[in-house]
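Structure at a glance
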Amino acid sequence: MKSYDVAIIGSGPGGYVAAIRCAQLGMKTAIIEKYSTLGGTCLNVGCIPSKALLDSSHHYEDAVKHFETHGIEIPGEIKVNLEKMIGRKQAVVDQTTGGIDFLMSKNKIDVYHGIGAFKDATHITITGDKKDVIEAKHTIIATGSKPTTLPFAAIDKERIISSTEALKLKEIPKHLMIIGGGVIGLELGQVYKRLGSDVTVIEYMDRIIPTMDSGLSKELNKVFRKQKFNINVSHKVTSVVRNGDEVTVTAENKKGELVKFNGDYCLVSVGRSPFTAGLNAESAGVNLSDRGQVEVNGKLQTSASNIYAIGDVVKGAMLAHKAEEEGVFVAETIAGQKPHIDYNLIPGVVYTWPEVASVGKTEEQLKELGVEYKVGQFPMRALGRSRASMDLDGFVKILADKSTDEVLGVHMIGARCADLISEAVVAMEFRASAEDISRMSHAHPTFSEAIKEAALAATEDRALHI
Ligand code: FAD
Ligand code: NAD
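Conventions we followed
- As a convention, each chain's residues are numbered from 1 in the sequence order in which they are written.
- Starting at A for chains and at 1 for ligands, labels are handed out in the order in which the entities are written.
- Per-residue local features of the predicted model are confined to residues with pLDDT of at least 70, and side-chain atom pairs are confined, for both listing and counting, to 80 or more; whole-chain, interface and lining totals are unaffected and use all residues.
- Calculated side-chain values reflect all of the structure's heavy atoms, with hydrogen atoms and water omitted.
- In this description, a disulfide is simply a cysteine sulfur pair whose atoms lie within 2.5 Å.
- Burial classes: relative accessible area under 20% of the type maximum marks a residue as buried, over 50% as exposed, and values in between as partly exposed (1.4 Å probe, protein chains only).
- The numbering of helices and of strands both runs from the N terminus, where a helix is a DSSP run of H or I of at least 4 residues and a strand a run of E of at least 2.
- Being paired, for any two strands, means DSSP has found at least two bridges between them.
- Buriedness of a pocket was judged along seven lines, with at least five required to meet protein on both sides within 12 Å; pockets are open sets of points on a 1 Å grid over the protein atoms alone, cavities are sets where a 1.4 Å probe fits but cannot get out, and lining residues have an atom within 4 Å of a point.
- Grid points are joined across faces, edges and corners, and a volume is the space filled by probe spheres set on the points.
- Polar here means any residue other than Ala, Val, Leu, Ile, Met, Phe, Trp, Tyr, Cys and Pro, which are nonpolar, and Asp, Glu, Lys and Arg, which are charged; Gly is therefore polar.
- In this document the domain limits rely on a domain assignment from an automatic tool or a database.
- Every residue pair with non-hydrogen atoms within 4.5 Å of one another is taken to be in contact.
- Defined in terms of a 1.4 Å probe, buried area is the accessible area two parts forfeit on being brought together, summed over both.
- Criterion for a salt bridge: a side-chain nitrogen of Lys or Arg within 4 Å of a carboxyl oxygen of Asp or Glu.
- Identification of polar contacts relies on pairs of N or O atoms within 3.5 Å, with a donor-acceptor requirement for protein atoms, meaning one able to donate a hydrogen and the other able to accept it, and with residues adjacent in sequence counted only if both atoms are side-chain atoms.
- Between the N-to-C directions of two axes lies an angle of 0 to 180 degrees, each axis being a line fitted to C-alpha atoms and, for a helix, fitted only over the stretch in contact.
- In this scheme, roughly parallel covers angles under 35 degrees and roughly antiparallel covers those over 145, while 65 to 115 is roughly perpendicular and the rest are oblique.
- Two helices crossing with the near one rotated counterclockwise from the far one by less than a right angle form a left-handed crossing, whereas a clockwise rotation gives a right-handed crossing.

Another aspect to go through is the state of the cysteines. Counted under the stated rule, the structure contains one disulfide. Free cysteine: cysteine 417, not disulfide-bonded; nearest cysteine sulfur from cysteine 47 at 19 Å.

Where burial is concerned, most of strand E5 (residues 123–127) is hidden: four out of the five residues are buried. What sits between strand E4 (residues 115–120) and E5 in their antiparallel hairpin is a turn of two residues. Two elements, E5 and strand E6 (residues 131–141), share five bridges in a ladder whose sense is antiparallel. Its bridge partner lying in E6, threonine 127 is registered against lysine 131. In textbook terms, the turn of a hairpin is the stretch between consecutive antiparallel strands, and for E5 and E6 this stretch comprises three residues.

So, about the layout of surface pockets. A volume near 680 Å³ is recorded for the second largest pocket. Along the wall of the second largest pocket there are 24 residues; nearest its centre are His66, Trp353, Met390, Asp391 and Asp393. If one sorts the elements of the lining of the second largest pocket by residue count, helix H3 (residues 47–66) sits on top with five residues. Along the lines of polarity and charge, the residues of the lining of the second largest pocket split into eight nonpolar, seven polar and nine charged.

Quick look at the domain arrangement of the protein chain now. Reports of interface size often rely on the accessible area that becomes lost once the parts have come together. If you check the domain split of the protein chain, you get domain 1 (2–147 + 273–341), domain 2 (160–270) and domain 3 (345–458). If you look at the interface, domain 1 gives 17 residues, while domain 2 gives 14 residues. Taken over both partners, the interface formed by domain 1 and domain 2 buries close to 1,400 Å², and the fraction arising from carbon and sulfur atoms is 69%. The largest contributions to the domain 1 side of the interface with domain 2 come from Val45, Leu54 and Leu82, which together make up 34% of the buried area. Counting the contacts that link domain 1 with domain 2 gives two salt bridges. Notably, a salt bridge pairs glutamate 187 with lysine 51, separated by 2.8 Å at the nearest N-O pair. If you look at where domain 1 meets domain 2, you find four residue pairs in polar contact (both at pLDDT 80 or more). The set of elements that each furnish at least two residues to the side of domain 1 that touches domain 2 consists of H3 and helix H4 (82–106).

With that out of the way, let us pick up the environment of aspartate 110. Take aspartate 110: it is sitting in strand E3 (residues 110–113). Once the C-alpha coordinates of aspartate 110 and isoleucine 32 are considered, the two residues, 78 residues apart in sequence, prove to be 8.5 Å apart. For aspartate 110, the residues in contact, after removing those within four places along its chain, are Lys2, Tyr4, Thr29, Ala30 and Ile31.

On to the sheet that holds strand E14 (residues 258–263). Strand order in the open sheet made by the three strands is E12-E13-E14, with antiparallel pairing throughout. Unpaired on one side and paired on the other, strand E12 (236–243) and E14 mark the two borders of the sheet. Looking at each pair of strands side by side, their axes are set apart by 20 degrees on average, direction ignored. Inspection of the sheet shows E12 paired to strand E13 (residues 246–252) by seven bridges, in the antiparallel sense.

As a further point, take the environment of lysine 222. Its location among the elements puts lysine 222 in helix H7 (residues 214–226). Since its relative accessible area comes to 48%, lysine 222 is described here as partly exposed. Each C-alpha atom of the pair lysine 222 and aspartate 198 lies 17 Å from the other, and the pair is 24 residues apart in sequence.

Turning our attention to the packing of helix H1 (residues 13–24) against H4. In contact at an axis separation of 10 Å, H1 and H4 are set at 25 degrees when each is read in the N-to-C sense. In terms of their interaxial angle, H1 and H4 are classed as roughly parallel. Seen along the crossing, H1 lies across H4 with a hand that is left-handed. Contacts between H1 and H4 involve Tyr16, Ala19 and Ile20 from the first element and Ile100, Leu103 and Met104 from the second.

Have a look at this one:
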């Protein structure tokens, strides 16, 4: 039987990053993955393929709607070849997951393909093409999550689908109905809207992206309505019925009335649930919470002291970069170091266009905490850069402590905000004041100037270009 310092179950961004860090720290490391490719949800059916389709569909939309304004004329009809588009997405996925194979071998990490299940706290059975048992001093559970289902909306993978099927459809839906106005619903909704589908979003809460700052929800809602999305908030879906190629979704609105929607596809994107099936956690003395998450303490240690858990399978934001931070944190903890994660500074991004990005506290949270704050907001449309590219929607909003001027939250919507948010993370990591940001030079013309202007507005209400 092979023995390891650390075994990792699950090869998503949490697991594979943990494996690399363990190996870097000199530990003999194994990783176990039940699928034939490494990379987990993120690389195979999540972050990477969804961004590939967002990019392809964005090019198409530009070609159809915006090229002419730029003086670019394409003779003849511009058409989508969906098969080719999905094929390119898959090529990107294959290349990216292949890169993880390379990283595992470069770092001399043993890779096992099969379902990992605890025999006890130090032994793991791996059931794949063949059966293996390995011994591990420490184990990191990184088994991720799966789509949450609604009891009345069984995913048939044909017409009633999850994000996994939405990433490989064989035709462009005529009318895609989306249950859930969260991140997946809006990102994939925008892909198919751009490709020509009618898109209806049905959201239970009173706004889309309800966990983000409400200013962002309002602006994104405005933009999406301009893009002709049919958005229905405060609608609780109560039934989903397929009849041949048609699906009927019934929802209850605020007045208690039943509203029916008919379309050819229904995407169920109502969140994701921790995945621990087949792990046999109880055999190792690992406790699960009522919500099915692996219970961990502040060191991400489970109820079995040599077993840790990270990523989507534990509490907190279900984000690839959160999982990665936790992977590094646990590897360094096992190596005897004292790492730290500031969960307040994990940014959240929605990769629609305009992009939406956030870090720190929202206005709603600051109000709830009773923190006195000031707001500096600057519209993207006032930037020369925005006019040059015609990306006029959105704003940057900085929330700063009323007495100390420390930046407490940054919320932005607009072109390239997914990348711009890093400046806010750096600033907050170093506990910058709004004035600190306002005194730094920002290259002109860039979208980042909106951050400087919002900081000026927060410091002394003296934005320059408005
Ligand atoms: P996962 O990536 O889910 O990996 C877990 C792995 O464990 C899987 O490969 C699974 O097969 C394996 N496994 C499970 N049980 C066993 C077992 N018993 N034995 C062996 N292997 C096992 N996040 C972002 O930050 N940015 C984005 O842009 C983004 N886009 C997304 C788009 C979509 C459509 C979806 C669905 C998710 C997206 N996410 C995004 C979320 C992101 O994918 C997850 O937060 C991230 O993958 C979590 O990483 P993880 O390592 O915890 O788990
Ligand atoms: P989500 O939590 O973002 O959104 C789900 C939405 O569904 C919520 O707004 C919720 O109110 C709504 N909902 C729940 N039940 C409903 C019902 N019965 N009727 C109508 N609406 C209902 O979840 P998601 O979009 O499924 O994404 C899952 C996870 O994947 C998220 O945690 C997210 O962090 C991650 N993800 C991240 C990214 C990114 O970082 N860009 C992209 C995709 C997914």
